[in-house]
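The lines below spell out each chain.
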There are 2 protein chains.
Amino acid sequence: MGTPQLTKNQSLVMGALAHSDGPMSAYTILDKLRDHGFRAPLQVYRALDKLLEYGLVHRLESLNAFVACTCPQDHDHEHGVTAFTICEGCGQVTEFHDEAIEQRLSTLVRAQSFKTEKTTIEIRGHCKSCA
Amino acid sequence: MGTPQLTKNQSLVMGALAHSDGPMSAYTILDKLRDHGFRAPLQVYRALDKLLEYGLVHRLESLNAFVACTCPQDHDHEHGVTAFTICEGCGQVTEFHDEAIEQRLSTLVRAQSFKTEKTTIEIRGHCKSCA
DNA sequence: ATCGCCATGTAATGTTATTACATCAATTGC
DNA sequence: GCAATTGATGTAATAACATTACATGGCGAT
């Protein structure tokens, strides 16, 4: 299967996120895309839904915002749990992945007989430059 | 120092959360407390801010909702990173803590020279009963 | 008593997300 | 060809979540 061809709206939203230096809210994306014919929030949310589904974009729950996936690898296969550091100073977001955490969480959740669908790990704080 | 005496509004909000069987949004809390004189969202948000600060309540970022802390231990000293499983079926939220994850995250974040202020770990899925 | 501090009350507004309904284009099956 | 289906889109309205701004009231300390 793989990631399908993006539609026009999906490409525009993806482009906006990819060229941004940080996370963007849906409404910020909307504003950026007014010139390209975007008029309503739903146009953004619909595109984001698909991009999230394809794994091209991540949602930052603690920010109600979205970032392009920075993972170099293919998006076709799962790349497990994604975690983020989020700097309160400069807004910089860094994505990372760790097998050890993933396994440990898996063990703990299994002990509850809980079936994981989506895992959110977000660390708010200050980056090296903003410490 | 320890947790200060709660004010009237803080007690009401704490009570609402403690007696609920699951997470509540700020507006749900507001509705529950109309009979006790609550009229505006701010009354709830102000109380929540303090309760969060005291560690009596947790915010679930992926739900925009709040739960009473179920941690049996004293709230006076830090009890590190808090993680949650959240069942999409029944809404049940389970709080847990794990030293191994805490240490591993600490190591990874340190490698970035990042200074953690708050860590969010939320696992959405289905509990044993709702699988 | 006056000041400062903090909790409170109220209204208005800002921000994020969804529902509902209509239209349009591409594809499929007859 | 031409319904029927499916998926993307457009638009408006509304719902849900959160904050700003400003006024008031209680209470302890000087």
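Residues numbered from 1 in each chain as written. Chains lettered and ligands numbered in written order. Predicted model: local features only at pLDDT ≥ 70, side-chain atom pairs only at ≥ 80, totals over all residues. Heavy atoms only, no water.

A. Broad picture of the protein's contact with DNA strand D. Lining the immediate environment of DNA strand D, one finds 15 residues, of which A:Gln43, A:Arg46, B:Tyr27, B:Leu42 and B:Arg59 sit closest. Atoms of DNA strand D within 4 Å of the protein: sugar and phosphate make up 46%, bases the balance. Contact between DNA strand D and B:Arg59: a phosphate oxygen at 2.2 Å from a side-chain N or O atom of the residue. Contributing elements (two or more residues each) for the surface near DNA strand D: α1 (8-19) and α3 (41-54) of chain A together with α3 (41-54) of chain B. Considering every element that reaches the surface near DNA strand D, the biggest residue donor is α3(A), with four residues. In terms of residue class, the surface near DNA strand D is built from five nonpolar, five polar and five charged. (Near = heavy atom within 4 Å. Polar contact = N/O pair within 3.5 Å; in protein donor to acceptor, adjacent residues only side chain to side chain. Helix = DSSP H or I, 4+ residues; strand = E, 2+ residues; numbered from the N terminus. Nonpolar A, V, L, I, M, F, W, Y, C, P; charged D, E, K, R; others polar.)

B. Region of interest: helix α1 (residues 8-19) of chain B. All names here are of chain B. In a regular helix each residue adds 1.5 Å, so twelve residues correspond to 16 Å; α1 covers 16 Å between its end C-alpha atoms and thus fits that length. Those residues of α1 that fall on the buried side of the exposure criterion are Gln10, Leu12, Val13, Met14, Ala16 and Leu17. Contact partners of the buried residues in α1: α2 (26-32), α3, β1 (57-60) and β2 (65-68). (Expected span 1.5 Å × (residues − 1). Buried < 20%, exposed > 50% of the residue type's maximum accessible area, 1.4 Å probe, protein only. Contact = heavy atoms within 4.5 Å.)

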